[in-house]
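Descriptive analysis of the structure
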Amino acid sequence: MAPRYDAVVVGAGFGGMGAAIQLDRLGLSNYLVLEREDDLGGTWHVNRYPGLAVDIASVTYSYSFEPNPHWSRLFAPGAELKAYAEHVADKYDVRRRMRFGTTVEGARWDDDGEYWIVSIAGGGVVTSRYLLTATGFLSQPYTPPFPGIDSFAGDILHTTAWQDGFDLADRRVAVIGTGATAVQLIPEVARKARALTVFQRTPIWVVPKIDAAIPESVQRLFELVPATQQAARLVNTGLLEALMVVGVLHFKQVKMLHAGVSMLAKAHLWASVRDRRTREQLTPDYDFGCKRPTFSNRYFATFNQRHVRLETERIDHVVPEGIVTADGRTIAIDTLILATGFDLWDANFPAIEIIGRDGVNLGKFWRDNRFQAYEGITVPKFPNFLSLNSPYSYSGLSYFTTIEAQMKHMGRLFGELRRRGETTFEVTEQANAAFLDRVTAKLGSSVFYDGDCATAHSYYFNPHGEAALLRPTSTINAHREAVAFSLDDYAYGKIA
Ligand SMILES: Cc1cc2nc3c(=O)[nH]c(=O)nc-3n(C[C@H](O)[C@H](O)[C@H](O)COP(=O)(O)OP(=O)(O)OC[C@H]3O[C@@H](n4cnc5c(N)ncnc54)[C@H](O)[C@@H]3O)c2cc1C
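Quick caveat: nothing in here was measured; it's all calculated off a predicted structure.

Tallying secondary structure elements over the protein chain gives 15 helices and 20 strands in all. Relative to its length of 496 residues, the protein chain is compact, with a C-alpha radius of gyration of 23 Å against a globular reference of 23 Å. Each of the three principal axes of the protein chain carries a C-alpha extent, and together these read 70 × 50 × 45 Å. Relative to its full complement of 496 residues, the protein chain shows a buried share of 58%. Restricting the contact set of the protein chain to residue pairs at least 6 apart, pairs at least 24 apart contribute 72%. Entry remark: accessible area of the protein chain is about 20300 Å², with carbon and sulfur atoms responsible for 54%. Both charge centroids of the protein chain, one from 51 positive and one from 55 negative side chains, sit 4 Å from each other.

This is the structure in structure tokens:
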């Protein structure tokens, strides 16, 4: 029996949309994109909290083949990203393949038919030759199990489930969390709230954000002479690459430069915050790069406001009227904002149950062995499967770098399948093992293993303490290998 579809893509964020565009280009147009939300855009559909914006300049945080000359700022607000996602979906005609409100529960490889059987929550299956999961890294919201949280008498908002129009005016608010999302949100909450307490477990490295509105004349220039925007993208991408390579990957070799970046961030903090004790509490005690650093000009200064307070005591439990700290104080609040991020490793690797050849369960394989994926995209025993949010797949600082490298990998792989007249592929054990050895060796020089990351609580690390999220190579290397990996790294045709 032939499968119903050429491919099923799970997730309609920028990753799933990039994969869909590439499937069309490769002539595999009979595909479905299954999305559990009610619309497309992934991160940029789900997150709508005040202050949401990209923290990678928009000339870089976008598809290189679909520049948007109309970004209103250097760092566009979230709503523009959502609008951009819709524009791309319409222009590349991928929206009609999307099925919203469709949660994929799992997928099982059928060895005889050589296709995937994809199960959908609520019943129903679809069959497809290829399976691509683009379920995101930051897509499964996390709420720490604070005892008593259900008894809280006020309003609770998670940053991934913001109530549009929620009025913070005159409220006594607590924000729990000081990650990249909180850095954007906190200045906005402080503008409205009567009192704001920020609960911090781990301080974050924050560097100044060189942001500004993009004048209409420049937008027109970008539109009329696209090469100007391409040049801006090149310069910005180069700077990000330098930050990544220097700040994170080659920590061992360039400690002096690394120290310079840390000094810049500390100077920013010291120049922004008046109170010495608050300054000290906001100073990270782990190396820059252990955890995703972020950009802001407003976050630190917010703590100078009289109605804003930083709280570093551990949360013990929640009571109807507020939060009780480990030292027994009750902080009275009426609004609790959870900027507690995402469950990365438990809920996302993989986000659905995936059973490959010989009944191998991907989640179990990763946990029983090490987290691994050849070039961050394919895994032995999982034929015709591209796992776009894999260990070692995240390349560089802008996620579009990863998306486009993976699109290139698809191009080379499916091109070879067509040339051979085959429909099935699987990465070899040897190629996968060699890639894992290589990335493991490279990580040795990174800040993750050579730096001091013990107190960072960083999602870059999995529960085994391995920094298995980021690909520890330059993005140039990732893109070169995506178009030049050895074709012998895959087996083609029916796999015994
Ligand atoms: C607040 C925030 C700001 C960010 N800012 C930046 C930034 O400035 N720069 C940057 O590089 N990155 C940023 N990121 C990371 C961002 O997630 C990526 O850049 C990118 O949007 C990821 O795209 P994706 O398609 O891989 O995943 P997502 O956008 O997360 O999309 C995954 C989709 O899969 C769907 N899905 C998951 N499980 C299932 C299932 N079982 N069945 C059906 N559908 C499912 C989800 O509903 C979601 O729509 C940010 C993330 C967040 C949360």
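Structure's up, so let's keep going.
Let us now look at the packing of aromatic side chains. With the rule as written, the count across this model stands at 40 aromatic pairs. Note on W44 and Y61: the rings are 5.7 Å apart at their centroids and 65° apart in plane angle, and the pair reads as edge-to-face. Taken together, the residues W44 in helix α2 (residues 43–46) and Y61 in the loop between α2 and α3 (78–91) connect sequence positions 17 residues apart. You can call W44 buried: its relative accessible area is 9%. Members of the aromatic cluster, each reached through a chain of ring pairs, are F14, W44, Y61, Y63, F65, W71, Y84, Y92 and F400. The ring centre of Y5 lies 4.4 Å from the NZ or CZ of R4, which sits over that ring.

This brings us to helix α1 (residues 14–25). For α1, built from 12 residues, the straight-helix expectation of 16 Å at 1.5 Å per residue is met to within 8% by its first-to-last C-alpha distance of 16 Å. Across the 12 residues that make up α1, a large majority, 10, are buried. Buried within α1 we find F14, G15, G16, M17, G18, A19, A20, I21, Q22 and L23. Directly beyond the C-terminal end of α1, a positive phi value near 80° is found at G27.

A few words now on the state of the cysteines. Across all of its chains, the model carries 1 disulfide by this definition. Each sulfur of the disulfide joining C290 and C453 lies 2.1 Å from the other. Judged by the torsion about the S-S bond (-80°), the C290/C453 disulfide is left-handed. Of this pair, C290 sits in the loop between α8 (276–281) and β11 (294–295) while C453 is found in the loop between α14 (447–450) and α15 (475–484), placing the two residues 163 residues apart along the sequence. On the basis of relative accessible area, C453 is assigned to the buried category, the value being 11%.

The next thing to look at is the pairing of strand β14 (residues 322–325). Inspection of the sheet shows strand β13 (residues 315–319) paired to β14 by 4 bridges, in the antiparallel sense. Bridge pairing links H317 to V324 in β14. In sequence, β13 turns back onto β14 through a hairpin of 2 residues. Following β14, the chain reverses through 4 residues before pairing antiparallel with strand β15 (residues 330–332); G328 in that reversal takes a positive phi of roughly 90°.

This structure, assessed with the given rule, holds 33 salt bridges. Here R329 ties to D327 by a salt bridge, and the two come within 3.2 Å at their closest N and O atoms. We classify R329 as partly exposed; its relative accessible area is 33%. The structure contains a network of salt bridges with shared partners spanning D39, K82, E86, D90 and R95.

So, about the site of the ligand. Lining the immediate surroundings of the ligand are 38 residues, of which E35, T43, D55, Y61 and Y399 lie closest. Between the ligand and R36, the relevant distance is 3.2 Å, taken from a nitrogen atom to a main-chain nitrogen or oxygen of the residue. Here the ligand, which alone exposes 970 Å², has 95% of that area covered by the protein. Taken together, the elements giving at least two residues each to the shell around the ligand come down to α1 and α2. At 3 residues, α1 tops the list of elements feeding residues into the shell around the ligand.

Strand order in the open sheet formed by 3 strands is β13-β14-β15, and the pairing between neighbours is antiparallel. Each having just a single partner strand, β13 and β15 make up the two edges of the open sheet. Each strand of the sheet is rotated relative to its neighbour by a mean of 25°, with strand direction disregarded. As judged from the 3 bridges shared by β14 and β15, these two strands associate in the antiparallel manner. By the bridge assignment, G322 is partnered in β15 with A332.

The next point concerns α15. The complete set of buried residues in α15 reads T475, N477, A478, H479, E481 and A482. Residues of α15 that are buried make contact with α6 (226–249), α12 (399–420) and α13 (429–443).

Conventions we followed
Along each chain, residue indices are assigned from 1 in the same order as the chain's sequence is written. Predicted model: local features are reported for residues with pLDDT of at least 70 only, side-chain atom pairs are reported and counted for 80 or more only, and whole-chain, interface and lining totals are derived from all residues. Values shown for side chains rest on all heavy atoms present in the structure; no hydrogens or waters enter the calculation. Each helix corresponds to a stretch of at least 4 residues labelled H or I by DSSP, and each strand to a stretch of at least 2 residues labelled E; elements are numbered beginning at the N terminus. Atoms considered for the radius of gyration are the C-alpha atoms alone. The globule rule reads 2.2 Å times the number of residues to the power 0.38. Categorising residues by exposure relies on relative accessible area from a 1.4 Å probe, with only protein chains included: less than 20% of the type maximum marks a residue as buried, more than 50% marks it as exposed, and the intermediate range marks it as partly exposed. Contacts are residue-level and defined by heavy atoms, with any inter-residue pair within 4.5 Å sufficient. With residues, only the protein chains shown are counted as cover, and all accessible areas are computed by Shrake-Rupley using a 1.4 Å probe. Within this scheme the basic residues Lys and Arg register as positive and the acidic residues Asp and Glu register as negative, but His and the chain ends are omitted. By convention, charge coordinates are those of NZ in Lys, CZ in Arg, CG in Asp, or CD in Glu. Pairing of aromatic rings covers Phe, Tyr and the six-membered ring of Trp, with a centre-to-centre limit of 6.5 Å; geometry is then stacked below 30 degrees between planes, edge-to-face above 60, and tilted otherwise. By the criterion adopted, a ring carries a charge over it if an Arg CZ or a Lys NZ lies within 6 Å of its centre and within 35 degrees of its normal. By definition here, a helix of n residues has an expected span of 1.5 Å times n minus one. Defined by distance alone, a disulfide is two cysteine sulfur atoms within 2.5 Å. Two strands pair if DSSP finds at least two bridges between them. A pairing counts as a salt bridge when a side-chain nitrogen of Lys or Arg comes within 4 Å of a carboxyl oxygen of Asp or Glu. Definition of nearness: a residue and a molecule or strand are near each other if at least one heavy atom of the residue lies within 4 Å of the molecule or strand. Pairs of N or O atoms within 3.5 Å make up the polar contacts considered here, provided that, within protein, one atom can donate a hydrogen while the other can accept it, and that residues adjacent in sequence are counted only when both atoms are side-chain atoms. Inter-axis angles, ranging from 0 to 180 degrees, are taken between N-to-C directions of lines fitted to C-alpha atoms, where helices are fitted over the stretch in contact.

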